[in-house]
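Spelled out, the chains give:
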Amino acid sequence: VQLVESGGGLVQAGGSLRLSCAASGVIFRLNTMGWYRQGPGKQRELVARISSGGITNYADSVKGRFTISRDNAKKTMYLQMNSLKFEDTAVYYCNADGVTTSGATWLAWGQGTQVTVSS
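Not measured: the values here are computed from a predicted model.

The rules we used
Position numbers for residues count from 1 along each chain, tracking the sequence in the order it is written. Totals for whole chains, interfaces and linings use every residue, but because this is a predicted model, local features are given only for residues with pLDDT of at least 70 and side-chain atom pairs only at 80 or more, for both listing and counting. Only hydrogens and water are set aside; all other atoms, that is, all heavy atoms of the structure, feed into the side-chain values. When the sulfur atoms of two cysteines come within 2.5 Å, that pair is taken as a disulfide. Elements are defined by DSSP. Helices are runs of H or I of four residues or more, strands are runs of E of two residues or more, and each kind is numbered from the N terminus. Stacked, tilted and edge-to-face are the three classes assigned to paired rings of Phe, Tyr and Trp, where Trp is represented by its six-membered ring and a pair needs centres within 6.5 Å; plane angles under 30 degrees give stacked, over 60 edge-to-face, the rest tilted. Two limits define a charge over a ring: the Lys NZ or Arg CZ must be within 6 Å of the ring centre, and within 35 degrees of the ring normal. Accessible area is worked out with a 1.4 Å probe on protein chains only. A residue is then buried under 20% of its type maximum, exposed over 50%, and partly exposed in between. Polar contact is the term for a pair of N or O atoms within 3.5 Å; when the atoms are in protein, one must be able to donate a hydrogen and the other to accept it, and sequence-neighboring residues count only if both atoms are side-chain atoms. The pairing criterion is simple: DSSP has to find at least two bridges between the two strands.

**Q** What should I look at first to understand the state of the cysteines in this one?
**A** As used in these notes, a disulfide is a covalent bond between sulfur atoms, one from each of two cysteines. What the rule picks out here adds up to 1 disulfide. Residue pairing for Cys21: its cysteine sulfur links by disulfide to Cys94, the two sulfurs lying 1.8 Å apart. Looking down the S-S bond of the Cys21 and Cys94 bridge, the torsion is -60°, so its handedness is left-handed. In this pair, Cys21 sits in strand β3 (residues 17-24) while Cys94 sits in strand β9 (residues 90-100), placing the two residues 73 residues apart along the sequence.

As structure tokens, then:
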């Protein structure tokens, strides 16, 4: 199973970006998907996650600014980031778990995409 992120880049404070995470491979079921980030000199932290049924959770620091969503048919998750702040600068990682077509459980991480917010 592979997760591939896209959509990162450089944006001015107050701007917006939309990240995507596409899952591929022998996926029978895709369970919870999530976005994590790791800023310079910081530990990786949860940004937002969404269950297969669409239940969402957000870090307090992004509530009201970021929106997580998913398209189960496309096996793709999105993160709409608005009102970006300098402190949102980080490498953003996609995470997901599920079951393969042979019945094995899996947990995967994407390679990360850089988001840089200029002040």
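Following the structure, the description resumes.
**Q** Looking at this structure, how should I read the packing of aromatic side chains?
**A** In this description, a pair of aromatic rings is defined by centroid distance and the angle of the planes. This model, assessed by the stated rule, comprises 1 aromatic pair. The ring centre of Tyr78 lies 4.1 Å from the NZ or CZ of Arg18, which sits over that ring.

**Q** Which parts of the structure should I look at to understand the side chain of Thr76?
**A** Looking at the secondary structure, you find Thr76 in strand β8 (residues 76-81). By relative accessible area, which is 10% here, Thr76 ends up buried. At 2.9 Å, the side chain of Thr76 and the backbone oxygen of Lys74 are in polar contact.

**Q** What exactly am I supposed to notice about the pairing of β3 here?
**A** On a regular strand, each side chain points to the face opposite its neighbour's, so the side chains alternate between the two faces of the sheet. Judged from the 5 bridges that link them, strand β1 (residues 2-6) and β3 form a sheet pairing that is antiparallel. Across the sheet, residue Leu3 finds its bridge partner in β3, namely Ala23. Bridging between β3 and β8 involves 6 bridges; their strand directions are antiparallel. Looking at β8, one finds that Arg18 is bridged to Gln80.

These values are about where atoms sit, not about what they do.
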